[in-house]
Every structure is written in C-alpha cells, then in structure tokens.
Amino acid sequence: MKLNQPDLQAALLCGEAVIFDEIDSTNEYLLREYKHLAAGSVCAAEHQTAGRGRRGRSWYSGKNQNLCFSLLWRYSADEVRQVSALSLVVALVLAESFTELGISDIQIKWPNDVYYQGKKLGGILIESRFENNDYYLVIGIGLNLSMDQVDLNVVNQPYADLSAYHLERNQLLQRIVPQLQKNLKIYPLVGFENYVERWQSYDLFYGKPVKLLAGDTEIHGISQGINDKGELLLEQTGKINAYAIGEMSLRAQ
Ligand code: BTN
C-alpha cells in the first residue's frame, strides 16, 4: 500500500505530514522548507533520487517498499546543549518500536545504526540549520523493510530487511513518528541518563573486541557500552576510556 498522508497527519502530535512519490531527499526537502513548517513536521517519500547517508555516502531507498522519512524539530540553543546523544535516543525509539511489534533480535550499533540479526536494518542522518538563536534539526531515517530490488552500486555493506514480517508501512510510520515526537520533546528535560540502560539492552558489541575508525586512525578496545553522555566506553590496557559521538564508525575486530 502507498504512503497515506491523512492517516499520518492524524497520528502526529504536532506539525504537518508531507508525502511525495519521488523527491531528491526527504532531509534535503526539510532543510529547504524548515522556515515554513512547524516543528514536528514529517516528510516521507516513496522514492528518493538522491538519498544520503552518513559520512557522505548515498542511501538506497528502492521504490514503494522501504521507509524513508525525515522529521523536523526545533531546539533553543540551551536545549541543544542537553541533547548531544540525540541520535542514540532516535535509534532507541526505533529499536523499541520494532520490539513492541514482536520483532526480536534487534540491536543498535553505536552510535545509531539499527541492526536485525547482526546486519544493518536502518540508519539515521541528523542535519541542522541555525536561525535566530534556534537550531532546526532534520532527523532522517531510512528503514529496510523489503530489499528485493537492491542497487548494489549504492548498498555496499551487508544489510537486513524485515520482509519476513510483512509490516504495513503506514502503520509502522504512524507508530514510530509520534514516539519520536514525544521523545524529542522530553529528552532535553529528562536527560540521557533516562535512556542509557534501555539503549545498553540493545548494544550490538557489548563485551566484544572492536575497532573505532576516525579518519585514518584505528582505535582498538573491548566495548563496555556507553556512559550517561552516550559516549562509547572502550577498555584499553585495563583502563576504560570514553569516545565522543562524531564522525566515527565502529566495527567488529
Ligand atoms: C546512514 O548512513 O546510516 C544514515 C542513512 C539515513 C537515510 C535517510 S532516508 C531518509 C532521509 N533522507 C535522506 O536523504 N537520508 C535520510
């Protein structure tokens, strides 16, 4: 079934629902339009012609089969200082939504990749603009629901999909988006301490040897979860060191 605007609009706690058959990128759309849309607005598309991922990569979205959407939120400069682990909170909301639907074997790879049975199921790309002392965040989410016509020129890592579960995309979107809106609202008030334990219960690499790639540098250690800032804890020669969220990528060693 195609994405349905009235049903998504009815599910939102705030903002507008905008749905396209085809667009360059739902993130790019909200970055163009943020001045004209209320916080909480969502843009979803059946197909992205220029979907983008983290670290300058492209993001494959297929046609009418996966979920690609972006959510606009606004934080004051004070609030933005309280939400440095936002992408971990977003990943947790996604993971918990899948768990509630009865899907087991969901994990999160620090900081924010959602995994199913050890392979990537979805990703999050957060981009921002600063205007009149407010930060406008665009939270882009791509979820693989059915990957039967994959463009292998774009997808260059092992991936998972949820085709075995026959999820209805509209229902999934209507479940996830209000949860995201609720948590975007409360996170700066309650702090990341309220999410740490729940996040850790999905940690893909807890207790395993990993390497952290930051540019040309490789950092090795045993993953010990995260601290209450969402930083990755690595045990290295008997000491625990914390690594901040940045343009880093975590791999099994
Ligand atoms: C990643 O590299 O893991 C992040 C992928 C994020 C993809 C989503 S799809 C919807 C939104 N629009 C984009 O262009 N990218 C994000």
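Residues numbered from 1 in each chain as written. Predicted model: local features only at pLDDT ≥ 70, side-chain atom pairs only at ≥ 80, totals over all residues. Heavy atoms only, no water.

Selection criterion: UniProt positions are given in the numbering used here, feature names are shortened, and annotations may be inferred rather than shown by experiment.
For the protein, the name recorded in an unreviewed UniProt entry is biotin--[biotin carboxyl-carrier protein] ligase, with Haemophilus sputorum as its organism. Per UniProt, the protein has the following entry under Catalytic activity (unreviewed entry): "biotin + L-lysyl-[protein] + ATP = N(6)-biotinyl-L-lysyl-[protein] + AMP + diphosphate + H(+)".

## Brief notes about helix α5 (residues 169-190)
Side chains three or four residues apart in an α-helix point the same way, a direct result of the helix having 3.6 residues per turn. Cut-off, in case you're wondering: Starting at the N terminus, helices and strands are each numbered in turn, a helix being any DSSP run of H or I of at least four residues and a strand any DSSP run of E of at least two. One fewer than the residue count of a helix, multiplied by 1.5 Å, yields its expected span. To get the bend at a given residue, fit one axis to the seven residues ending there, fit another to the seven starting there, and take the angle between those axes.
Helix length check: α5, at 22 residues, gives a terminal C-alpha distance of 30 Å against a target of 32 Å (1.5 Å per residue), a fit within 8%. The largest bend along α5 reaches roughly 25° and is located at L184, with the proline P188 sitting one to four residues downstream. Taken from the residues just after α5, G191 is the one with a positive phi, measuring 80°.

## Looking at the sheet that holds strand β8 (residues 209-214)
What counts here: By this definition, two strands are paired if DSSP reports at least two bridges between them. Whenever a helix is involved, its axis is fitted only over the stretch in contact; in every case the axis is a line through C-alpha atoms, and angles between N-to-C directions fall within 0 to 180 degrees.
Strand order in the open sheet formed by five strands is β11-β10-β9-β8-β12, and the pairing between neighbours is antiparallel. Lying at the two open borders of the sheet, with one neighbouring strand each, are β11 (239-243) and β12 (249-252). The mean inter-strand angle of the sheet, taken between neighbouring strand axes irrespective of direction, is 45°.

## Comments concerning the packing of aromatic side chains
For clarity, the threshold we go by: When two rings of Phe, Tyr or Trp (its six-membered ring) have centres within 6.5 Å they constitute a pair, described as stacked for plane angles under 30 degrees, edge-to-face for angles over 60, and tilted for the intermediate range.
Tallied over the entire structure, the rule returns seven aromatic pairs. In textbook terms, an aromatic cluster arises when at least three aromatic residues are bridged by ring pairs, as seen for Y187, F192 and Y195.

## Digging into a nonpolar patch on the surface
Basically, it comes down to this: A patch is a set of surface residues, each over 30% in relative accessible area and not in a salt bridge, joined within 9 Å for like charges and within 5 Å for the nonpolar side chains Val, Leu, Ile, Met, Phe, Trp and Tyr. We get accessible surface area from the Shrake-Rupley algorithm with a probe of 1.4 Å; when it comes to residues, only the shown protein chains can shield them. By convention in these notes, a salt bridge is any Lys or Arg side-chain nitrogen within 4 Å of a carboxyl oxygen on Asp or Glu. For every residue, the accessible area (1.4 Å probe, protein chains only) is compared with the maximum for its type, and the residue is labelled buried under 20%, exposed over 50%, or partly exposed between those bounds.
Together, I186, L189 and V190 make up an exposed nonpolar region whose accessible area comes to about 260 Å². For I186, the location among the structural elements is in helix α5. Exposure remark for I186: the relative accessible area of 32% places this residue in the partly exposed category.

## Some points on the site of the ligand
Selection criterion: Nearness is defined per residue: one heavy atom within 4 Å of the molecule or strand is enough. Between N or O atoms, a polar contact is any pair within 3.5 Å; within protein, one atom must be a potential hydrogen donor and the other a potential acceptor, and residues adjacent in sequence are included only when both atoms are from side chains.
Neighbouring residues of the ligand: 19 residues in total, closest S25, Q48, R52, R54 and K120. Here a nitrogen atom of the ligand and a side-chain polar atom of Q48 are 2.9 Å apart. For the ligand, whose accessible area on its own is 410 Å², the fraction buried by protein is 98%. Elements with a minimum of two residues in the shell around the ligand: α2 (26-33), β3 (67-76), β6 (119-131) and β7 (134-143).

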